[in-house]
Amino acid sequence: GHYRAPRGSRLHKGIDYETVKGSSILSPVAGKITKHGYCYGDDLKWRYVEVTADDSGQRHRLFYVEPLSPSAQPVGDSVEAGYVIGTAQAISEKWGDEMTDHIHHEILDTQGNDYDPADKENW
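All values derive from a computational prediction rather than experimental measurement. (Residues numbered from 1 in each chain as written. Predicted model: local features only at pLDDT ≥ 70, side-chain atom pairs only at ≥ 80, totals over all residues. Heavy atoms only, no water.)

Colleague: Let's hear about the pairing of strand E5 (residues 31-40): which residues, and what values?
Modeller: Taken together, the 8 bridges between E5 and strand E6 (residues 43-53) define a ladder with antiparallel strand orientation. Paired with Tyr 38 across the two strands is Arg 47, which belongs to E6. Here E5 folds back onto E6 in antiparallel fashion, the turn holding 2 residues. (Pairing = 2+ DSSP bridges. Helix = DSSP H or I, 4+ residues; strand = E, 2+ residues; numbered from the N terminus.)

Below you can see the structure in the form of structure tokens.
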């Protein structure tokens, strides 16, 4: 899904990148791990990792990513761009074969405004 694609009554806040379950997912920026979260409140299998960029303070959230173990990479750890932050989950296991396995990348600033991850001039 592309940035701002319609999703029912809302718009897609990020972009999706096709993946294969178990693939290493890399941090897009140098920063700190600021959250290991859950994508769905009613299904705690599906995870995300948030990296807050050192230079801009923008939060890069990567959904459908199983974080590395908390002892290997706890919240607060610094990471470089390109550092492994987790592994891709197979979201088709939740939504069926019509859903292509992917990770979702969204960027939020300190006020919660979202930015197109494909436009690197914004980050």
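Following the structure, the description resumes.
Colleague: Please set out the layout of surface pockets residue by residue, giving values where relevant.
Modeller: Considered as a void within the structure, the largest pocket measures approximately 450 Å³ in volume. Along its surface, the largest pocket is lined by 20 residues, and Arg 10, His 12, Tyr 40, Tyr 64 and His 104 are the ones closest to its centre. Counting residues per element, the ones that place at least two in the lining of the largest pocket are strand E3 (14-18), E5 and strand E11 (102-108). Tallied by class, residues from the lining of the largest pocket come to 10 nonpolar, 4 polar and 6 charged. (1 Å grid on protein atoms, 1.4 Å probe; cavity = no way out; pocket = protein on both sides within 12 Å on 5 of 7 lines; lining within 4 Å. Points joined across faces, edges and corners; volume = space filled by probe spheres on them. Nonpolar A, V, L, I, M, F, W, Y, C, P; charged D, E, K, R; others polar.)

Colleague: Hey, could you go over the packing of aromatic side chains for me, with residue numbers and the actual values?
Modeller: Going through the model one piece at a time under the given rule, you end up with 4 aromatic pairs. Both rings, one in Tyr 48 and one in Phe 63, keep their centres 4.7 Å apart while their planes meet at 20°; by these two values the pair is stacked. Linking Tyr 48 in strand E6 with Phe 63 in strand E7 (residues 59-63), this pair joins segments that are 15 residues apart in sequence. No difference in accessibility class separates Tyr 48 from Phe 63, as the two residues are buried. Aromatic ring contacts, followed pair by pair, group Tyr 40, Tyr 48, Phe 63, Tyr 64 and Trp 95 into a single cluster. Between Arg 47 and the ring centre of Tyr 38, over which it is positioned, the NZ or CZ distance is 4.3 Å. One cation-aromatic arrangement involves Lys 94 over Trp 95; the distance from NZ or CZ to the ring centre is 5.1 Å. (Phe/Tyr/Trp six-rings, centres within 6.5 Å; stacked < 30°, edge-to-face > 60°. Buried < 20%, exposed > 50% of the residue type's maximum accessible area, 1.4 Å probe, protein only. Lys NZ or Arg CZ within 6 Å of the ring centre and 35° of its normal.)

Spatial relationships are all this shows, so hold off on functional conclusions.
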